[in-house]
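# Structural overview for review
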Amino acid sequence: MTGKLTLLIPGLLKPPQPLQNLPADEKPAFKSLNHFFSRARQSVYPVSGFYPTLFHLFDVELHEQSDHPVAAITRLADTQGHSDAWCLRCDPAYIHADMDRAVLMEHGRLGLSMDEVEQLLMIINAHVEQDGWQVEAHSVDRWYVTGTDKKAVTTTPPHSILGQDIKHDLPKGADADYWCAIMNELQMLLHGLPINAERQAQGLLPVNSLWFWGGGVLPDRAHCQFDTIFDDDMLVKGLAMLAGCECADPATAWQSIEQDKQKHSLIVLDDLLAPQLSGDLFAWLDAVKRFEQLVIDKVFGLLKQKKLTEVTLLSGDGKQFTLSARQLRLWWKRKAGFSALLEKATS
């Protein structure tokens, strides 16, 4: 039996702006993507959204009215050790405030050094220690709250509101007032720190807030239908660890798939998500072109060489598209191509 490949590509079928607004000579042809989608069989996927789709792939059961437990799972990958403790992500962030709104401009990826992180944590932890919890950092951009009893809270993943007003996306739930108050206190604490003045003098963004999100405990179980997962994201790595599945360097994906023709592989690529959510059409188009050249063209070659029997693409919006080697040859059975699906999504 020849292998199968599943691609999870959130943001692919929802451009940040209508492509119809582009001048005719700037509209990409999307030749390979149009070919793929015009031949693939479309069906409904049980869930919609990047995190719901990712957690569904690992058969993780979630409690209603609760966050996806991103913090506990990424902490598992960061520490390489299981913990039953409830934890919450509290990533360093930059929020731009003016008279009318406060916009989350960046989270995590602020180019901090480990020395800067240690200085910030010392100041932050001195402020919150009276409440019985601490902030720990296992990387410069993934910080965690541990030891708190304020667990009745639901939050918003920062990637989903990047570049947007945070007014309607602050913590909610019985303990929401506590976390909103702490967030305000920390913003005032961080505002006047010399370390932030130094960063701004160097043309770097200051750390003027923490973004609390992804609270929960490790799921009781996870199940993996894949032999190998190719991704370097810590959430995917943590889910793979929980499910006892191999998570490999994405740079090795094609060589591995070609060498082992019997396995079912998963490739997760979220490069389109940030430009799609932030409204950056040209960055999104560049990411789509790279995906077409580096992934879709390679998939066609493997299908034609019979090194793959089937490829399923999950777009993270409740749709899945399955293309077999046989369907690729049925040139007379055409459906709506990629360009038509994009036009429909923004009409």
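Right above here is the structure, for reference.
An account of the accompanying structure is given in this report. (Residues numbered from 1 in each chain as written. Predicted model: local features only at pLDDT ≥ 70, side-chain atom pairs only at ≥ 80, totals over all residues. Heavy atoms only, no water.)

### Looking at the packing of helix H1 (residues 31-39) against helix H12 (residues 338-345)
Helix packing for two helices is described by the angle between their axes and how far apart those axes are. Counted only if it meets this: Each axis is a line fitted through C-alpha atoms, and for a helix only the stretch in contact is used; angles between axes span 0 to 180 degrees, taken between their N-to-C directions. Numbering goes from the N terminus for both helices and strands, where a helix is a DSSP run of H or I of at least four residues and a strand is a run of E of at least two. Throughout, the term roughly parallel applies to angles under 35 degrees, roughly antiparallel to angles over 145, roughly perpendicular to angles from 65 to 115, and oblique to all others. Here, two residues are considered to be in contact whenever any of their heavy atoms come within 4.5 Å of each other.
It is the contact of H1 with H12, at a shortest axis distance of 7 Å, that shows an interaxial angle of 85 degrees. Classed by the angle they form, the pair H1 and H12 counts as roughly perpendicular. For the pair H1 and H12, the contacting residues are Leu33, Asn34 and Phe37 in the first and Phe338, Ser339 and Leu341 in the second.

### Some details on the pattern of salt bridges
Just so we agree on the cut-off: Think of a salt bridge as a Lys or Arg side-chain nitrogen and an Asp or Glu carboxyl oxygen that are within 4 Å of each other. For every residue, the accessible area obtained with a 1.4 Å probe (protein chains only) is divided by the maximum for its type, and the residue is called buried under 20%, exposed over 50%, and partly exposed between those limits.
Counted according to the given criterion, the structure contains 11 salt bridges. Between Arg109 and Glu106 there is a salt bridge; the shortest N-O distance is 3.5 Å. Notably, a salt bridge pairs Lys319 with Asp317, separated by 3.5 Å at the nearest N-O pair. Judged by relative accessible area, which is 27%, Asp317 ranks as partly exposed. A network of salt bridges, in which partner residues are shared, links Asp59, Glu61 and Arg221.

### Examining a negative patch on the surface
The condition is simple: Any residue with relative accessible area above 30% and no salt bridge may belong to a patch, with like charges joined within 9 Å and the nonpolar Val, Leu, Ile, Met, Phe, Trp and Tyr side chains within 5 Å. Computed with a 1.4 Å probe, the accessible areas rest on the Shrake-Rupley method; for each residue, only the protein chains presented here act as cover. Only four residue types enter the charge count, namely Lys and Arg as positive and Asp and Glu as negative; His and the chain termini do not. Every charge is mapped to an atom, namely NZ of Lys, CZ of Arg, CG of Asp or CD of Glu.
Residues Asp232, Asp249, Asp270 and Asp271 make up a contiguous surface patch of negative charge. Tracing the backbone through its elements, the reader meets Asp232 in the loop between strand S8 (228-230) and helix H7 (234-243).

### Overview of the packing of helix H4 (residues 114-128) against helix H5 (residues 176-191)
Defined as follows: The handedness criterion is simple: a crossing whose near helix is rotated anticlockwise from the far helix by less than a right angle is left-handed, and one whose near helix is rotated clockwise is right-handed. Side-chain classes are defined by residue name, with Ala, Val, Leu, Ile, Met, Phe, Trp, Tyr, Cys and Pro counting as nonpolar, Asp, Glu, Lys and Arg as charged, and the others, Gly among them, as polar.
Look at H4 against H5: their axes get within 11 Å of each other, and the N-to-C directions meet at 135 degrees. The angle between H4 and H5 falls in the class oblique. Between H4 and H5 lies a crossing of right-handed hand. Together, Leu120, Ile123, Ile124, His127 and Val128 of H4 and Glu185, Leu186, Leu189 and Leu190 of H5 make up the contact between the two elements. For the contact of H4 with H5, a count of residues per class yields 7 nonpolar, 1 polar and 1 charged.

### A word on the packing of aromatic side chains
Where we set the bar: Aromatic pairs are defined between Phe, Tyr and Trp rings, using the six-membered ring for Trp, whenever the two ring centres lie within 6.5 Å; interplanar angles under 30 degrees are classed as stacked, those over 60 as edge-to-face, and all others as tilted. A ring is considered to have a charge above it if a Lys NZ or an Arg CZ atom is located within 6 Å of its centre and within 35 degrees of its normal.
Inspection of every chain in the model, using the stated rule, returns 9 aromatic pairs. On the numbers, 5.3 Å between centres and 50 degrees between planes, the contact of Trp133 with Trp179 is tilted. Of this pair, Trp133 sits in the loop between H4 and strand S5 (134-137) while Trp179 sits in helix H5, and the two are 46 residues apart along the sequence. Between the aromatic rings of Trp179 and Phe212, the centroid separation amounts to 5.0 Å while the plane-to-plane angle is 50 degrees, which identifies the pairing as tilted. Placement of the pair is Trp179 in helix H5 and Phe212 in strand S7 (residues 209-216), with a sequence separation of 33 residues. Each member of the pair, Trp179 together with Phe212, is buried. In this structure, Lys150 packs its charged tip against the face of Tyr178, placed 5.4 Å from the ring centre.

### Comments concerning the side chain of Thr148
The line we're drawing: We call two N or O atoms a polar contact when they sit within 3.5 Å, provided that within protein one can donate a hydrogen and the other can accept it, with sequence-adjacent residues counted only if both atoms are side-chain atoms.
Positionally, Thr148 belongs in the loop between strand S6 (143-146) and H5. For Thr148, a relative accessible area of 6% puts it in the buried group. Engagement of the side chain of Thr148 in a polar contact is seen with the backbone nitrogen of Lys150, the distance being 3.0 Å.

### Focus: H12
What counts here: Think of the arc as the fan of directions from the helix axis to the C-beta atoms.
The complete set of buried residues in H12 reads Phe338, Leu341 and Leu342. Summarising the axial view, the buried residues of H12 lie within an arc of 100 degrees, below the 170-degree limit, and thus occupy one face. On the buried face of H12, the contacting elements are H1, strand S2 (41-44), helix H10 (281-304) and strand S12 (319-324).

### Some points on the nonpolar core
For clarity, the threshold we go by: By convention a nonpolar core is built from buried Ala, Val, Leu, Ile, Met, Phe, Trp, Tyr and Cys residues, the set being connected through side-chain atoms within 4.5 Å.
The biggest cluster of nonpolar side chains holds 69 residues, and the ones touching the most others in it are Phe58, Trp143, Trp211, Phe212 and Ile229. When neighbours within four sequence positions are excluded, Ile229 is seen to be in contact with Phe58, Cys224, Val236, Ala240, Cys245, Glu246, Cys247, Ala248 and Leu266. Of all hydrophobic cores here, the second largest spans 41 residues; its members include Leu7, Leu33, Phe37 and Val288.

### Description of the pairing of S5
Rules: Strands are labelled as partners when DSSP assigns at least two bridges between them.
The pairing of S5 with S6 spans 4 bridges and is classified as antiparallel. Among the inter-strand pairings, Gln134 is bridged to a residue of S6, identified as Thr146.

### Concerning the environment of His82
Topologically, His82 is positioned in the loop between helix H3 (70-79) and strand S3 (87-97). In this structure, His82 is in contact with Leu76, Leu218 and Leu242, ignoring residues within four places of it in sequence.

### Some thoughts on unusual backbone geometry
Unlike most non-glycine residues, Asp59 shows phi in positive territory, near 55 degrees. With respect to the helices and strands, the residue Asp59 is situated in the loop between helix H2 (50-57) and H3. Even without a glycine there, the phi angle at Gln80 is positive, about 60 degrees. Looking at where Gln80 falls in the secondary structure, it is placed in the loop between H3 and S3.

### Looking at H10
Residues lying three or four places apart along an α-helix face the same way, a consequence of the helix completing one turn every 3.6 residues. Going by this rule: Multiplying one less than the number of residues by 1.5 Å gives the expected span of a helix. Bend is computed residue by residue as the angle between axes fitted to the seven residues ending at the residue and the seven residues starting at it.
The end-to-end C-alpha separation of H10 is 33 Å, in line with the 34 Å expected for 24 residues at 1.5 Å each. At Glu292, H10 shows its largest bend, some 35 degrees. Looking one or two places after H10, you find Lys306, whose phi comes out positive at around 60 degrees.

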